[in-house]
Amino acid sequence: MKNIAVIGAGTMGNGIAHTFAQNDYKVQLIDISQASLDKGMATIAKNLDRMVAREKITEADKEQTLANITTYTNLEEGVEYASLVVEAATENVDLKLKIFKDLDTFCPEDTILASNTSSISITQIAAVTSRPEMIIGMHFMNPVPIMKLVEIIKGYNTSQETYDVVADLSKKLSKVPVEVNDYPGFVANRILMPMINEAIETLYNGVAGVKEIDTVMMLGMAHPMGPLALADFIGLDVCLSILNVMYDGFKNPKYAPCPLLVNMVMAGKLGSKSGEGFYDYSENRKAETVSKMFQ
């Protein structure tokens, strides 16, 4: 298994491509947008430069990693020889189902199809293919080159052989695979997203401001990053999508997204990627932008 196709050149996709390429796998990085591919490759190069500066890798290692990645805007061409495909597109059910239908058509019969989804049912994704036993969740954590955990999600029909191959591959990337069953949010987001949502509710109810809430969680609970800053880092639209998946899946009101989160996403305040969320990221500032509503 040396040819790995990665669908999506965004934050997760380019991180996954980086990780495989650095471990000497040949990577086909695929995105419908050439601009996104260029941006993704620039991000990988920047992250590798940082590793060279810290003497984690050599300049030759960096050049080999970049040489291991080939970019494509055509899905069929990109997956033609793939042993494994890792889909890392936007967290949207309809989009993922379409991608997997296409992958099922374009990929060789023995290709394992994995999704980096953070909440969407692997069983549902597998149902639109003719190879449900070879569909699996491979949920990396962000930033992918650094974080060790990979949630490996078995759908209802995922074979043990498929699981074993993907778990072994994760170990070869120096990751720690953890087997998880296929329920909305899996483990990481089923626990993390309600915490983030509760932090937003705390702000929404005027209990404390943005910095105050994050400070309590960092200093009181030893979290490396406060939940509101983490939400900005993940993307508020992504947080909302995951909460909606869990709310729809469990029909439990405890997963209902806070109205403030809904309004911020509708207003285009998506966090660091849009320049503003709970913090202001313009001109390298991190000033509160939401807590002023409660002053």
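Residues numbered from 1 in each chain as written. Predicted model: local features only at pLDDT ≥ 70, side-chain atom pairs only at ≥ 80, totals over all residues. Heavy atoms only, no water.

For strand S1 (residues 3–7), the tally of buried residues reaches four of five residues, placing the bulk of the element in the interior. The parallel pair S1 and strand S2 (residues 26–30) is bridged by helix H1 (residues 11–22), and the resulting crossover is right-handed. Bridge count for S1 against strand S4 (residues 84–87) is four bridges, and the pairing is parallel. For Val6, the partnering residue across the bridge sits in S4 and is Val86. (Buried < 20%, exposed > 50% of the residue type's maximum accessible area, 1.4 Å probe, protein only. Helix = DSSP H or I, 4+ residues; strand = E, 2+ residues; numbered from the N terminus. Right-handed = clockwise from strand over helix to strand, strands pointing away. Pairing = 2+ DSSP bridges.)

Take the pairing of strand S6 (residues 135–140) next. Along a regular strand, successive side chains alternate from one face of the sheet to the other. Counting buried residues in S6 gives six out of six residues, a clear majority hidden from the surface. The two faces of S6 match: Ile135, Gly137 and His139 on one face and Ile136, Met138 and Phe140 on the other face are all buried. Of the strand pairs in this sheet, strand S5 (residues 112–115) and S6 are connected by three bridges, and their pairing is parallel. Among the inter-strand pairings, Ser115 is bridged to a residue of S6, identified as Gly137. Pairing analysis gives five bridges linking S6 to strand S7 (residues 149–154), with the strands arranged antiparallel. Within S7, the residue paired with Gly137 across the bridge is Ile153.

Moving on: the sheet that holds S6. Ordered in space as S3-S2-S1-S4-S5-S6-S7-S8, the eight strands form an open sheet in which the pairing is mixed. Strands with a single pairing partner mark the edges of an open sheet, and in this sheet they are strand S3 (69–72) and strand S8 (176–181). Sheet twist, expressed as the average angle between the axes of neighbouring strands with direction ignored, equals 25°. Bridging between S4 and S5 involves four bridges; their strand directions are parallel. (Axes fitted to C-alpha atoms, helices over the stretch in contact; angles between N-to-C directions.)

With that settled, the discussion passes to the environment of Lys98. Along the chain, the position of Lys98 falls in helix H5 (residues 93–106). Sequence separation between Lys98 and Tyr72 is 26 residues, and the spatial gap between their C-alpha atoms is 18 Å.

Looking now at the pattern of salt bridges. Taken as a whole, this structure holds ten salt bridges when the rule is applied. Here Glu91 and Lys96 are joined by a salt bridge, their closest N and O atoms 3.7 Å apart. By the burial criterion, Glu91 is buried, and Lys96 matches it. Among the charged side chains, a network of salt bridges with common partners joins Asp49, Glu59 and Lys62. (Salt bridge = Lys/Arg side-chain N within 4 Å of Asp/Glu carboxyl O.)

Let's shift gears to the UniProt feature "domain: 3-hydroxyacyl-CoA dehydrogenase C-terminal" (unreviewed entry) in the chain. Those places that UniProt annotates as "domain: 3-hydroxyacyl-CoA dehydrogenase C-terminal" (unreviewed entry) correspond, in this numbering, to residues 185–281. Its end C-alpha atoms 28 Å apart, residues 185–281 is made of 62% helix and 2% strand. (UniProt positions renumbered as here; feature names shortened; annotations may be inferred.)

In this structure, Asp232 sits in helix H10 (residues 227–234). The class of Asp232 is buried, set by a relative accessible area of 0%. The residues contacting Asp232, other than those within four sequence positions of it, are Leu270, Gly271, Ser272, Gly277, Phe278, Tyr279 and Tyr281. (Contact = heavy atoms within 4.5 Å.)

The sites that UniProt annotates as "domain: 3-hydroxyacyl-CoA dehydrogenase NAD binding" (unreviewed entry) are residues 3–182. For residues 3–182, helix accounts for 43% and strand for 22%, while the C-alpha atoms at its two ends are 27 Å apart.

If you look at the biggest cluster of nonpolar residues, it comprises 34 residues, and the most contacted ones within it are Ile16, Phe20, Leu84, Val86, Met138 and Phe140. Sorting elements by how many residues they give to this core places H1 first, with five residues. Beyond its immediate sequence surroundings of up to four residues, Phe20 is in contact with Ile4, Tyr25, Val27, Leu84, Val86, Met138, Phe140, Leu169 and Leu173. In this structure, Ile196, Leu243, Phe278 and Tyr279 belong to the second largest nonpolar core, which totals 26 residues. (Core = buried A, V, L, I, M, F, W, Y, C linked by side-chain atoms within 4.5 Å.)

This part is about a positive patch on the surface. Together, Lys46, Arg50, Arg54 and Lys56 make up a positively charged patch on the protein surface. Along the chain, the position of Lys56 falls in the loop between helix H2 (34–53) and helix H3 (59–67). A residue is classified by how much of its surface remains accessible, and Lys56, at 62% relative accessible area, is exposed. (Patch = residues over 30% accessible without salt bridge, like charges linked within 9 Å, V, L, I, M, F, W, Y side chains within 5 Å. Areas by Shrake-Rupley, 256 points an atom, 1.4 Å probe, with all protein chains shown as cover. Lys, Arg positive; Asp, Glu negative; His and termini not counted. Charge placed at Lys NZ, Arg CZ, Asp CG, Glu CD.)

Here we take up a nonpolar patch on the surface. There is a patch of nonpolar side chains on the surface, built from Leu149, Val176 and Val178 and spanning about 200 Å² of accessible area. Residue placement: Val178 occurs in strand S8. What makes Val178 partly exposed here is its relative accessible area of 36%.

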